Amino acid sequence: MLSKFKTKTKNIFLDKFTKKINSNNKEKFSIILSPSLYWLKKINLSVNLREVKKLLPSIFEDILPEGVYSYFVYKEGDEYIAFAYEDKKILELLREKNIPLSNISSIHLAQTELQNLSMPVKVNENEVIYVKDNIILLGFKEWFDDVKELSLDDITLSNKKIRIKQYGGNLIDTKHLYKISFILGLLIFILIVQIFILNNKIGKIETKKDELFQKYHLKPTMIQNLSILESYKEIFNKQLKLRKVVGEILKLKLDKNEKIISIKYAGNLILVKIKGIGNDKQAKSVIDFLNKENIKFTYNFIKNQMNIEVKI
């Protein structure tokens, strides 16, 4: 018979003197933060908890050093107990003590978990925590005659947990995060508007295209029309070459007894017949002129006639 055992979560008191943890990846921890890692204020305000949370940055601004802070608050009797803490400082200390974030089940404050201390408790070689006016304080060991060792094994943790903000390994000020979110939201809105405008323009272009296709009796697809365009380009280029070759032939300077008697176009060939030229010597001026004009041709003689073929 197989049985499953729930992994026990180990409670750790965290301060700068906490020893490094040698743990396996399966071990889980609940962290209790030393008073040295947070600031505390008691508040008497006749507003609800939601409103108090909004006021926390202003409430602490006169005592906090420069930094990026997160806040936590709960009500106790007629008072609010408010806290401020630096996420970055806590994260750096966790890494220093070799406590993986993935192994942390919860993070608590000494104020919420250790209020029932009956006497000062030693947390490191020089310091103790003790209760005064229902506040957990950190003090020097020599202030007290009787001090006992800290034991967290039998502590039942409360549901008062804090969250450590971490984004891709880097801390971001919540105000900055709101600004970034606002800018991203604005960019998304602009992008949606641009897409709407673009789609509207595309629709108008498609309508114009359909009108042009109908007006000029074009084929229904661009591939068909491009194919027709290529065939027209080929015809146009042939016509240009034909005009050029014929124009140059008509410029030939012939002797009185030499005469062009025929120019025909058939099967991509221009056929020219010149009467009065019966050999290469007589044809020299014609050959030189056509070569000068970069016209590729072949020729032959039949009796007293020069026959020229130019391929288009």
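In case you missed it, the structure is sitting above this.
Since this is a predicted model, take the numbers as computed values, not measurements.

1. So, helix H1 (residues 49–60)
Consideration 1: Between its terminal C-alpha atoms H1 stretches 16 Å, which fits the 16 Å expected from twelve residues at 1.5 Å a residue.
Consideration 2: Those residues of H1 lying buried are Val 52, Leu 56, Ile 59 and Phe 60. Relative to the axis of H1, the buried residues are bounded by an arc of 85° and lie together on one face. Exposed residues lying more than 90 degrees from the buried face of H1 are Arg 50 and Lys 54.
Consideration 3: Buried residues along H1 sit in contact with strand S3 (39–43), strand S4 (70–76) and strand S5 (79–85).
Consideration 4: One side-chain oxygen at the N-terminal end of H1 lies 3.2 Å from the backbone nitrogen of Arg 50; it belongs to Asn 48.

2. Structural notes on the sheet that holds strand S1 (residues 9–14)
Consideration 1: The strand order across the open sheet built from three strands is S1-S2-S6, with neighbouring strands paired in parallel fashion. Each edge of the sheet is formed by a strand with only one pairing partner; in this case those strands are S1 and strand S6 (104–109). Here the strands of the sheet are splayed against their neighbours by 20° on average, with no regard to which way each runs.

3. With respect to the pairing of strand S2 (residues 28–33)
For a regular strand, the rule is simple: side chains alternate between the two faces of the sheet.
Consideration 1: By the criterion of burial, S2 is predominantly enclosed, with five of the six residues buried.
Consideration 2: Bridge count for S1 against S2 is six bridges, and the pairing is parallel. Along S2, the bridge assignment pairs Asn 11 with Ser 30.
Consideration 3: Here S2 pairs with S6 via five bridges, running parallel. Considered in S6, the bridge of Phe 29 is made with Ile 104.

4. Here we look at the layout of surface pockets
Rolled over the atoms, a probe with the dimensions of a water molecule shows which regions are left empty.
Consideration 1: Estimated volume of the second largest pocket: approximately 560 Å³.
Consideration 2: Here the element with the most residues in the lining of the second largest pocket is S1; it accounts for four residues.
Consideration 3: Class assignment of the residues belonging to the lining of the second largest pocket gives a composition of seven nonpolar, five polar and seven charged.

5. Some details on the pattern of salt bridges
Consideration 1: Applying the stated criterion across every chain yields a total of ten salt bridges.
Consideration 2: With a closest N to O distance of 3.4 Å, Lys 41 and Asp 62 form a salt bridge. Taken together, the residues Lys 41 in strand S3 and Asp 62 in the loop between H1 and S4 connect sequence positions 21 residues apart.
Consideration 3: Given the relative accessible area of 23%, Lys 41 is considered partly exposed.
Consideration 4: Asp 62 sits in the exposed class, given a relative accessible area of 58%.
Consideration 5: Of the charged contacts in the structure, one is a salt bridge between Asp 288 and Lys 284, with a shortest N-O distance of 2.8 Å. Placement of the pair is Asp 288 and Lys 284 together in helix H6 (residues 280–292), with a separation of four residues, close to one helical turn.
Consideration 6: When its relative accessible area of 38% is taken as the criterion, Asp 288 is described as partly exposed.
Consideration 7: Within this structure, Lys 122, Glu 125 and Glu 149 form a network of salt bridges that share partners.

What counts and how
- Residues numbered from 1 in each chain as written.
- Predicted model: local features only at pLDDT ≥ 70, side-chain atom pairs only at ≥ 80, totals over all residues.
- Heavy atoms only, no water.
- Helix = DSSP H or I, 4+ residues; strand = E, 2+ residues; numbered from the N terminus.
- Expected span 1.5 Å × (residues − 1).
- Buried < 20%, exposed > 50% of the residue type's maximum accessible area, 1.4 Å probe, protein only.
- Arc of directions from axis to C-beta.
- Contact = heavy atoms within 4.5 Å.
- Polar contact = N/O pair within 3.5 Å; in protein donor to acceptor, adjacent residues only side chain to side chain.
- Pairing = 2+ DSSP bridges.
- Axes fitted to C-alpha atoms, helices over the stretch in contact; angles between N-to-C directions.
- 1 Å grid on protein atoms, 1.4 Å probe; cavity = no way out; pocket = protein on both sides within 12 Å on 5 of 7 lines; lining within 4 Å.
- Points joined across faces, edges and corners; volume = space filled by probe spheres on them.
- Nonpolar A, V, L, I, M, F, W, Y, C, P; charged D, E, K, R; others polar.
- Salt bridge = Lys/Arg side-chain N within 4 Å of Asp/Glu carboxyl O.

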